[in-house]
Amino acid sequence: FVVQPDSKNYDHNTGRYTYRFNIGFTERFNANITVDISGVLTGTGAVTQHTQTTVTFVESQTGALDIKLVFENEKDIDLHLYTPNGEHIYYANRGMYNDDDEQVYGLDKDSNASCHIDGLNNENIFIPAEYLEAGQYTVKVNMYENCDRQIPTSWSVTVRYQGRLIENSTPGYGNPATGTYPVNAPAGDFTTAFTFYLSPVQAIAAKSKAQLAATLHRIQPTDMDLLKMEQEEINRSLRNAR
């Protein structure tokens with residue numbers, strides 16, 4: 001394949017170009033994948049040296065609605081989903097589990113929490129068909145903590161409904177929605193990366209929340225979640241005091 005990069009950046013300190021492009025895989029892949037890059041064709045017609053990279057497989061749950069955040073470097077970047085009924089799914093509200101201790105919907109990955117690096121660089125929200133609501137959904141990405149302020153970080157959000165990419169109505173973003181946190185990026189941006197609407201037909205399998213609540217239990221925040229919540233409240237107070 002010959003591809004055009006989505007973007008390129010030049011570092012004046014190192015004299016190095018960084019190119020970014022997206023490669024899409026179906027959710028049937030369940031192993032690490034080696035990507036072989038034969039070279040970059042420069043403006044002079046020369047081809048740079050060959051390189052390889054590994055796309056690491058991260059196991060996560062799936063549903064009728066799947067929202068995935070991946071990012072390039074080891075930062076604490078959080079994924080947030082706002083549902084039509086006002087529920088806010090993120091690290092402090094991870095969703096619900098059933099009587100069999102199985103998570104039935106919500107956030108099942110919170111990577112690099114408070115810069116305790118896990119190497120995943122991946123967050124995932126899933127919602128099965130019976131829990132979907134008709135209406136507008138909003139997806140935000142937030143730099144909770146910039147663990148290494150000396151390097152930039154690219155991020156990408158992909159949203160699938162019934163296994164297929166859906167349209168993003170947020171201006172300036174597609175599917176996947178992509179962006180970059182530059183060097184020294186501050187925390188607390190809450191960037192709106194994705195907005196989409198599910199029609200009553202698409203959410204036809206949904207039951208009432210009252211029916212579902214009787215069989216579900218809310219996932220309690222972990223100790224790390226509580227620490228992040230406390231720090232976020234402190235940061236919010238500092239911002240308001242300025």
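Calculation notes
Each chain carries its own residue numbering, running from 1 in the direction its sequence is written. Local features in this predicted model are restricted to residues of pLDDT 70 or higher, and side-chain atom pairs are both shown and tallied only at a pLDDT of 80 or more, whereas totals for entire chains, interfaces and linings draw on every residue. Hydrogen atoms and water are omitted, and side-chain values are computed over all heavy atoms in the structure. Here, the term nonpolar core denotes a set of buried Ala, Val, Leu, Ile, Met, Phe, Trp, Tyr and Cys residues that are joined through side-chain atoms within 4.5 Å. Relative accessibility decides the category of a residue: with a 1.4 Å probe and only protein chains considered, values under 20% of the type maximum give buried, values over 50% give exposed, and everything between is partly exposed. Helix and strand definitions follow DSSP, with helices as H or I runs of at least four residues and strands as E runs of at least two, each counted in order from the N terminus. Any two residues whose heavy atoms approach within 4.5 Å at even a single point are treated as in contact. Think of it this way: DSSP has to see at least two bridges between two strands before they count as a pair. Disulfides are defined as cysteine sulfur pairs within 2.5 Å. Surface patches are defined over residues having more than 30% relative accessible area and no salt bridge, joining like charges when they lie within 9 Å and nonpolar side chains (Val, Leu, Ile, Met, Phe, Trp, Tyr) when within 5 Å. The Shrake-Rupley method, run with a 1.4 Å probe, gives the accessible areas here. Residue values count only the displayed protein chains as cover. Salt bridges are identified by distance alone: a Lys or Arg side-chain nitrogen within 4 Å of an Asp or Glu carboxyl oxygen. We score Asp and Glu as negative and Lys and Arg as positive, and we do not count His or the chain ends. The location of each charge is read from NZ of Lys, CZ of Arg, CG of Asp or CD of Glu. Contacts described as polar in this section are N or O atom pairs within 3.5 Å, which, within protein, must combine one atom able to donate a hydrogen with one able to accept it, while residues neighboring in sequence count only if both atoms come from side chains.

J.: Lay out the nonpolar core with the relevant residues and their values.
T.: With 39 residues, the main nonpolar core has Ile67, Leu132, Trp155, Val157 and Phe196 as its most contacted residues. Only β5 (65–71), β6 (76–82), β9 (103–109), β10 (122–127), β11 (135–145), β12 (153–161), β14 (177–181) and β15 (191–198) provide two or more residues apiece to this core. Residue contacts for Ile67: discarding those within four places in its chain leaves Leu79, Leu81, Glu123, Asn124, Ile125, Val139, Val157, Thr158, Val159 and Phe196.

J.: Tell me what's going on with the sheet that holds β15, and back it up with residues and numbers.
T.: Taken in spatial order, the four strands line up as β7-β6-β11-β15 in an open sheet, and their pairing is antiparallel. On the outer flanks of this sheet lie β7 (88–89) and β15, each paired with one strand and no other. Pairing of β6 with β7 involves two bridges; the strand directions are antiparallel. Of the residues in β7, the one forming a bridge with Leu81 is Ile89.

J.: So what's going on with the pairing of β14? Which residues, and what values?
T.: On β14, burial follows the alternation: Ala177, Gly179 and Tyr181 on one face are buried, whereas Thr178 and Thr180 on the facing-out side are not. Bridge count for β12 against β14 is five bridges, and the pairing is antiparallel. The residue bridging Thr153 from the neighbouring strand is Tyr181, located in β14.

J.: I'd like to hear about the state of the cysteines, residue by residue, with values.
T.: Taken as a whole, this structure holds one disulfide when the rule is applied. For Cys115, the disulfide goes to Cys147, at an S-S distance of 2.0 Å. Every disulfide takes its handedness from the sign of the S-S torsion; for Cys115 and Cys147 that torsion is -95°, giving left-handed. Of this pair, Cys115 sits in the loop between β9 and β10 while Cys147 is found in the loop between β11 and β12, placing the two residues 32 residues apart along the sequence. Exposure remark for Cys147: the relative accessible area of 29% places this residue in the partly exposed category.

J.: Please set out the side chain of Asp110 residue by residue, giving values where relevant.
T.: Residue placement: Asp110 occurs in the loop between β9 and β10. Asp110 sits in the buried class, given a relative accessible area of 14%.

J.: Could you give me a rundown of a negative patch on the surface, with the residues and numbers involved?
T.: Residues Asp99, Asp100, Asp101 and Glu102 make up a contiguous surface patch of negative charge. Along the chain, Asp99 turns up in the loop between β8 (95–97) and β9. Take Asp99: its relative accessible area is 60%, and that puts it in the exposed class.

J.: Tell me about the side chain of Asn168, and name the residues and values.
T.: Summarising the element assignment, Asn168 is placed in the loop between β13 (164–165) and β14. Here Thr170 takes part through its backbone nitrogen, which lies 2.9 Å from a polar atom of the side chain of Asn168. In terms of polar contacts, Asn168 uses its side chain to reach the backbone carbonyl oxygen of Gly174, at 3.0 Å. The residues touching Asn168, leaving out its near neighbours within four places in the chain, are Tyr173, Gly174, Ala177, Ala193, Phe194 and Thr195.

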